[in-house]
Amino acid sequence: MALLRKKDEGFTGDTVGLEGVGLRYDTGPEILTDVSLAIPQRSFHFLTGPSGAGKTSLLSLMYLAKRPTRGGLTLFGEDVTRAARGRLATLRRRLGVVFQDFRLLDHMSAFDNVALPLRIAGVGETVVQRNVSELLNWVGLEEFKNAHPATLSGGQKQRVAIARAVVNRPKLILADEPTGNVDDTIAMRLMQLFVELHKLGASVIIATHNEPLVARFPFPRLHLDKGAVSILPPLTAQPSDQTAVEM
Amino acid sequence: MFGIRSDLPLKRDTAGRFVLWLVMVLVFMASLAVTVNSYIGVLLNDWNRSVTGTLTVQVPVMDLGEKGAAPTVGKILDVLKRHPAVAKAEAVPRAKVIALLKPWLGESDVIADLPLPALIDVELRTDEPEAVAAVTASIKTAAPQAVVDDHRVWLNRVMGLAQGFSVVAMTIMILVTGALGLTVVFATRASLAEFVQVIEVLHVVGAKDGYIAGQFARRALLQGMLGGAAGLALYAPALALVAWLASRVDPEILPNAALPAAHWLTLAALPFAAGLLAMLTAHITVRRALSAKV
Ligand SMILES: Nc1ncnc2c1ncn2[C@@H]1O[C@H](COP(=O)(O)OP(=O)(O)O)[C@@H](O)[C@H]1O
Ligand SMILES: [Mg+2]
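How each quantity is defined
Residues numbered from 1 in each chain as written. Chains lettered and ligands numbered in written order. Predicted model: local features only at pLDDT ≥ 70, side-chain atom pairs only at ≥ 80, totals over all residues. Heavy atoms only, no water. Axes fitted to C-alpha atoms, helices over the stretch in contact; angles between N-to-C directions. Helix = DSSP H or I, 4+ residues; strand = E, 2+ residues; numbered from the N terminus. Parallel < 35°, antiparallel > 145°, perpendicular 65-115°, else oblique. Left-handed = near helix turned anticlockwise from the far one by under 90°. Nonpolar A, V, L, I, M, F, W, Y, C, P; charged D, E, K, R; others polar. 1 Å grid on protein atoms, 1.4 Å probe; cavity = no way out; pocket = protein on both sides within 12 Å on 5 of 7 lines; lining within 4 Å. Points joined across faces, edges and corners; volume = space filled by probe spheres on them. Contact = heavy atoms within 4.5 Å. Buried area = accessible area lost by both parts, 1.4 Å probe. Salt bridge = Lys/Arg side-chain N within 4 Å of Asp/Glu carboxyl O. Near = heavy atom within 4 Å. Polar contact = N/O pair within 3.5 Å; in protein donor to acceptor, adjacent residues only side chain to side chain. Areas by Shrake-Rupley, 256 points an atom, 1.4 Å probe, with all protein chains shown as cover. Core = buried A, V, L, I, M, F, W, Y, C linked by side-chain atoms within 4.5 Å. Buried < 20%, exposed > 50% of the residue type's maximum accessible area, 1.4 Å probe, protein only.

Novice: Explain the packing of helix 1 (residues 14–51) of chain B against helix 6 (residues 152–194) of chain B to me, please; I cannot follow it from the model alone.
Specialist: In a pair of packed helices, the angle between the axes and the distance between the axes together describe the arrangement. All names here are of chain B. Here helix 1 crosses helix 6 at 165°, and the two axes come no closer than 9 Å. Taken together, the axes of helix 1 and helix 6 are roughly antiparallel relative to one another. As helix 1 runs across helix 6, the sense of the crossing is left-handed. Class assignment of the residues belonging to the contact of helix 1 with helix 6 gives a composition of 31 nonpolar, six polar and two charged.

Shown next, in the form of structure tokens:
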């Protein structure tokens, strides 16, 4: 996967750092209270917790769709609470997000959806054609490159969404319940995709409440409950269940 | 559209289609204002040119003696022809006076029997007020009953009316510009709300505000130009109809003046102006809306 290998972006320290972060919506209660957390480079975490615990909210802080109501947040070593809007856009180009509901653009083909981050970054069309085709092959969707999202199955949309998230070779991948809408077989394939990306050097955080799935991988869990995060050890019975990880 | 890649789903863009229609109507109105303004300019020029440096001497009917107007007219002509400021002076033939009255009185034979005032057309070498006053004074000395009209009062009133029309035309242009700007602002805001999910995705995949604003601006430019072109297309037959109706009016009342090239150029520029205005407005609206986020 030469496509996904990229020279180091030249930041030191943690990929994400949260320091006493609080988040509330308008005048509601604090969804997150006093969260301090460090996501090291090249790490892999599950993000677990009951529905409504704030998993999506925590991820949206990390992909800079929200600012913390209090506390500090660093991304790739930069203090984003003080960064200008234009700078946030630049930082976002170094991360890949898979939304729970995919958020594919319905008026574009699968190919154009995946190509979007590259085109927005001003990448030349020859490179776009080559990289996107290669990536669509990799996720097994080469036949569907011209299909519009509405005509794709849940699993296919999921893979388009993941391809779009990784096409820019992100250093941080944030996936919100990426296996929520697919059956177990596809869920495992998608997970193996993330593991592959992790091995290629990205930090990965996957929000999920699919415990059996979490139990098959030897990765630590960030557990959200009552607004606080605790780091739990891998749920897996065998500390290194390589058979589940390898494709 | 036009082979330009757009990240916005233009097909289900209801607000955008509304802008297109409204720009069409606005450009139609603006075109009308441009034509009115140009035509008034032409008329004023025409009237001004034909009237400055000229006088009309009128010998009223009731002051004519038994021999009619001839002696008085002769006396006045005599004075005028010797005056250094006068280039030309000649009595208006009765037939021409009748012709002048025809548009108002119709083709009736009655005119021929009417006692008509005698008229003398005078052309001066200059339109300086002193010369006009000097010539008027010598006419008055020769024939105190003669009425000298330097057309200024008439011209000033007509010009006042024409300027009134011009002000109205300018007001229409200002209102149209404002209406176009406001329409684009509100339509852009509606689109922003409609495409909020698309915009969030664009942001998350690394788009800067300027990029997103550019998408909206490009769309607004197209809408402005297309709507403007449609407005002109609608205006063309309307203008042709009015021109034809005007051509049927007697040229003594409404001079058959040709509209200047500037008029046609201004009309041709309207769609581009509409597009440009829409583009800038959309860009600013989006930048403002986005900078209030996150
Ligand atoms: N846009 C919002 N406005 C107000 N409250 C919200 C919003 N989004 C989420 N919440 C609330 O924040 C809490 C956490 O939501 P969320 O982050 O979606 O949790 P999870 O992803 O773990 O299910 C919930 O109580 C939810 O109702
Ligand atoms: Mg959620």
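Novice: Looking at this structure, how should I read empty space enclosed by the protein?
Specialist: The method is simple in principle: a probe with the dimensions of a water molecule rolls over the atoms, and the space it marks as empty is what remains. Applying the stated criterion to the full structure yields four cavities of 30 Å³ or more. Its boundaries defined by the atoms lining it, the largest cavity holds a volume of some 90 Å³. Contributing to the lining of the largest cavity are A:Arg92, A:Arg93, A:Leu95, A:Gly96, A:Val97, A:Phe99, A:Pro117, A:Arg164, A:Ala165, A:Asn168, B:Val204 and B:Val205. Among the elements of the structure, strand 6 (95–98) and helix 5 (154–166) of chain A are those that each provide at least two residues to the lining of the largest cavity. A total of three residues in the lining of the largest cavity trace back to one element, the largest contributor, which is strand 6 of chain A. When the residues that make up the lining of the largest cavity are grouped by side-chain class, the tally is seven nonpolar, two polar and three charged.

Novice: Is there a simple way to explain the interface of chain A and chain B in this structure?
Specialist: With 22 residues of chain A at the interface, the matching set in chain B holds 22 residues. Of all residues in chain A, the largest losses of buried area upon contact with chain B belong to A:Arg85, A:Arg103 and A:Ile120, amounting jointly to 32% of the total for that side. At the junction of chain A with chain B, the criterion picks out two salt bridges. Among the ionic pairs, B:Glu200 bridges to A:Arg103, the shortest N-O distance being 3.3 Å.

Novice: What exactly am I supposed to notice about the site of ligand 1 here?
Specialist: Residues and elements named next belong to chain A. All residues adjacent to ligand 1 are Tyr25, Ile31, Pro50, Ser51, Gly52, Ala53, Gly54, Lys55, Thr56 and Ser57. At 3.4 Å from a nitrogen atom of ligand 1 is found a side-chain nitrogen or oxygen belonging to tyrosine 25. Measuring from an oxygen atom of ligand 1, one finds a side-chain N or O atom of serine 57 at 2.5 Å. Considering ligand 1 on its own, with 560 Å² of exposed area, one finds that the protein chains cover 56% of that surface. The leading source of residues in the shell around ligand 1 is helix 1 (residues 55–62), at three residues. Broken down by class, the residue content of the shell around ligand 1 amounts to four nonpolar, five polar and one charged.

Novice: Before we go on, may I ask you to explain the nonpolar core in this structure?
Specialist: Soluble globular proteins tend to pack their nonpolar side chains together in the buried interior. Residues and elements named next belong to chain A. Formed by 43 residues in total, the largest nonpolar core has its most connected members in Phe44, Val132 and Phe194. When contributions to this core are tallied by element, the ones reaching two or more residues are strand 3 (44–48), helix 3 (110–120), helix 4 (125–138), helix 5, strand 7 (172–176), helix 6 (184–199), strand 8 (203–207) and helix 7 (211–214). Sorting elements by how many residues they give to this core places helix 6 first, with eight residues. Those residues in contact with phenylalanine 194 that sit more than four places away from it in its chain are Phe44, Val98, Ile162, Ile173, Ala175, Pro178, Val204 and Ile206. Phe11, Leu47, Leu59 and Leu224 belong to the second-largest nonpolar core, a separate cluster that totals 35 residues.

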